[in-house]
Amino acid sequence: MDREVKKLKEEIEREREKGVAAMVACYQGFDPAAYLQYNYMPPRADFDRQDSIVPWKLGCLHRAFTEGDVGGEVLVDVGSGPTLYQVLSACEVFDTVFLTDFLEVNRQELRRWLQGEGKGYSSLDWTPYLQHVCKLEGRSPSAWTEKAARLRSVVSDILPIDVHLPRPLPLDSQLPTAGADCLVSCFCLESVSPDLASFTRALGHIRGLLRPGGHLLLIGALGESYYMGGPGVRIPVVPLDEAQVCASVRASGYTLVRLEVYTLPQGMKVGVDDVTGVFFVKARKP
Ligand SMILES: Nc1ncnc2c1ncn2[C@@H]1O[C@H](CN(CCC[C@H]2CNCc3c2ccc(Cl)c3Cl)CC[C@H](N)C(=O)O)[C@@H](O)[C@H]1O
């Protein structure tokens, strides 16, 4: 490789590292409680509205975990944040679930819910979510207490993660050497990547956490350029369209099984971001 090309590649790498470092700085102000209010209360989490975002997400995940081809022992949720909705269907299928996030404040929020009983132990009341997923499963909503107990029993650890690292999890994270049987990741990769190349690279990094034949269930934002991670905390997002998502999934070594897209109605645009749509991808590592 001649000197010029080598210099150019080093320059590109330095720019990328600057972009990732700037993203880390943005996340220092992330406020879990505010974030939960912005995205996980009505109207975005309104279980009586057909067009609300959260019921759509929960429906995609319920279908993916009950159509018979997704299974195994170990599931990793990549970039959990302070939320649990993304594993409410998964916890019935997998006996070992790892939650992960980059920020200690989010890992702390998850720990408080998982260790808490009774009221006041977490910033958001997840009961309506548990009841909704019980209904999707044909159970009585009152079975939510059993689902909560099941979730608490299968979460094995809450781990730090950085999807920009070739090995996103700590070395001692008790993941099976062959990899997890399933990965879930919701609104993480595009919200932490400065550009499309970085998004695609992160997809490749997490692929290393998955065993051959394992599934990736990926939910993310379309057409989004920023979101508020707290009062005055504006976090840049790489705007994606469906074609870019499908191309990145394939380019990073997965087989694309299914793509579903939700377009935000006006009522869901509440000023906390400029997202225009949400994608759901079911993919498989060959
Ligand atoms: N290097 C890093 N490596 C790994 N993880 C990192 C890194 N850096 C930061 N993180 C962590 O990623 C997490 C991203 N997080 C917020 C973005 C979602 C938000 C914005 N976009 C539109 C939208 C949103 C939410 C709901 C709806 Cl409906 C919409 Cl439309 C997802 C949390 C959870 N999964 C959720 O679904 O709410 C956060 O917890 C960081 O701590």
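In what follows, the structure referred to is the one given above.
This one's a predicted model, so the numbers in the text were calculated from it and none came from an experiment. (Residues numbered from 1 in each chain as written. Predicted model: local features only at pLDDT ≥ 70, side-chain atom pairs only at ≥ 80, totals over all residues. Heavy atoms only, no water.)

**Examining the layout of surface pockets**
Regions of empty space are outlined by a rolling probe, equal in size to a water molecule, passed over the atoms.
Here comes step 1: Computed from the structure, the largest pocket encloses a volume of approximately 650 Å³.
Here comes step 2: Contributing to the lining of the largest pocket are 42 residues, with Tyr-27, Phe-187, Cys-188, Ser-191 and Tyr-227 lying nearest its centre.
Here comes step 3: Of all the elements in the fold, those that place two or more residues in the lining of the largest pocket are α1 (3-27), α2 (32-39), α3 (53-66), β1 (74-78) and α7 (189-192).
Here comes step 4: Considering every element that reaches the lining of the largest pocket, the biggest residue donor is α1, with four residues.
Here comes step 5: Among the residues making up the lining of the largest pocket, the classes are represented as 25 nonpolar, nine polar and eight charged. (1 Å grid on protein atoms, 1.4 Å probe; cavity = no way out; pocket = protein on both sides within 12 Å on 5 of 7 lines; lining within 4 Å. Points joined across faces, edges and corners; volume = space filled by probe spheres on them. Helix = DSSP H or I, 4+ residues; strand = E, 2+ residues; numbered from the N terminus. Nonpolar A, V, L, I, M, F, W, Y, C, P; charged D, E, K, R; others polar.)

**Focus on the nonpolar core**
Here comes step 1: Grouped together as the largest cluster of nonpolar side chains are 90 residues, with contacts concentrated most on Phe-65, Tyr-129 and Ile-206.
Here comes step 2: Residue contacts for Phe-65: discarding those within four places in its chain leaves Val-70, Leu-75, Ser-89, Ala-90, Val-93, Phe-94, Cys-182, Val-184 and Leu-217. (Core = buried A, V, L, I, M, F, W, Y, C linked by side-chain atoms within 4.5 Å. Buried < 20%, exposed > 50% of the residue type's maximum accessible area, 1.4 Å probe, protein only. Contact = heavy atoms within 4.5 Å.)

**Digging into the pairing of strand β4 (residues 180-186)**
Here comes step 1: Taking burial as the measure, the seven residues of β4 include seven buried ones, the bulk of the element.
Here comes step 2: Across four bridges, the pairing between β1 and β4 is parallel. Bridge pairing in β4 places Asp-77 opposite Val-184. (Pairing = 2+ DSSP bridges.)

**Focus: the site of the ligand**
Here comes step 1: As a structural note, the neighbourhood of the ligand is formed by 30 residues, with Tyr-35, Tyr-40, Gly-79, Tyr-85 and Asp-101 the closest of them.
Here comes step 2: Looking at the shell around the ligand, the elements that each hand over two or more residues are α2, α3 and α7.
Here comes step 3: Taken together, the residues of the shell around the ligand sort by class into 15 nonpolar, nine polar and six charged. (Near = heavy atom within 4 Å.)

**A word on the side chain of Asp-46**
Here comes step 1: Counting through the fold element by element, Asp-46 comes out in the loop between α2 and α3.
Here comes step 2: Buried and unpaired, Asp-46 has Arg-49 as its nearest opposite-charge partner, separated by 5.0 Å.
Here comes step 3: Polar side-chain contacts of Asp-46 include one of 2.9 Å to the backbone nitrogen of Asp-48. (Lys, Arg positive; Asp, Glu negative; His and termini not counted. Salt bridge = Lys/Arg side-chain N within 4 Å of Asp/Glu carboxyl O. Polar contact = N/O pair within 3.5 Å; in protein donor to acceptor, adjacent residues only side chain to side chain.)

**Quick notes on α2**
Here comes step 1: The complete set of buried residues in α2 reads Pro-32, Ala-34, Tyr-35, Leu-36 and Asn-39.
Here comes step 2: If you follow the buried residues of α2, they end up packed against α3, α4 (104-115) and β6 (226-230).
Here comes step 3: Its side-chain oxygen at 3.1 Å from the backbone nitrogen of Ala-33, Asp-31 defines the N-terminal cap of α2.

**Observations regarding the pattern of salt bridges**
Here comes step 1: Under the definition given, this model contains 21 salt bridges.
Here comes step 2: In this structure, Arg-44 engages Asp-273 in a salt bridge whose closest nitrogen and oxygen atoms are separated by 2.8 Å. One end of the pair, Arg-44, is in the loop between α2 and α3; the other, Asp-273, is in the loop between β8 (255-263) and β9 (277-284), and 229 residues separate them in sequence. Pair check on accessibility: Arg-44 and Asp-273 agree, each one buried.
Here comes step 3: Here Arg-107 and Glu-104 are joined by a salt bridge, their closest N and O atoms 3.1 Å apart. Of this pair, Arg-107 and Glu-104 are both found in helix α4, three residues apart, which corresponds to roughly one turn of the helix.
Here comes step 4: Each of the salt bridges in this network shares a partner with another, and the network as a whole consists of Arg-63, Glu-67, Asp-69, Arg-258, Glu-260 and Lys-282.

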